[in-house]
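Survey of secondary and tertiary structure
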Amino acid sequence: SAQTFSIAASDYSQLGLTFTTGYNGTDVVVKNISGVEGPFQRRVKEAALQLVGCKLEAINGEVIPTYVTSQLVVNAMCRQWSANNQLELTFCDENHRDKIRKHQ
């Protein structure tokens, strides 16, 4: 099952997320959640979401190409935030998705 939530944050630094390249060398995944606990981290904890290891699928509905590095993703996020004063991130827990597909 998918979960969606919306959080208002004034800039990227309030997310407290660090991104890295996934094991396959192309996916951008959440490396860790750190920093001062802000509204985003509190909401993740309330929803009992496990974001570490999840793949970042899309920014504002635009699917992230496999060739994009984690730094390019962060730059794109910052640009989108500056241009729109908001940002929508879509994450995918691929292990969970694959388990669901096996049972269908």
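Structural notes, computed from the coordinates. (Residues numbered from 1 in each chain as written. Predicted model: local features only at pLDDT ≥ 70, side-chain atom pairs only at ≥ 80, totals over all residues. Heavy atoms only, no water.)

**Quick look at the environment of Gln50**
Structurally, the position occupied by Gln50 is in the loop between helix H1 (39-46) and strand S3 (55-59). Residue Gln50 is classed as exposed on the basis of its relative accessible area, which comes to 57%. The spatial distance from the C-alpha of Gln50 to the C-alpha of Ile33 is 10.0 Å, given a sequence separation of 17 residues. (Helix = DSSP H or I, 4+ residues; strand = E, 2+ residues; numbered from the N terminus. Buried < 20%, exposed > 50% of the residue type's maximum accessible area, 1.4 Å probe, protein only.)

**Some details on the nonpolar core**
Among the nonpolar cores identified, the biggest contains 19 residues, and Leu15, Phe19, Leu56, Ile59, Val73 and Met77 are the most heavily contacted of them. For this core, the secondary-structure elements that each account for two or more residues are strand S1 (17-21), strand S2 (28-33), H1, S3 and helix H2 (70-84). The biggest single contributor to this core is H2, with 5 residues. (Core = buried A, V, L, I, M, F, W, Y, C linked by side-chain atoms within 4.5 Å.)

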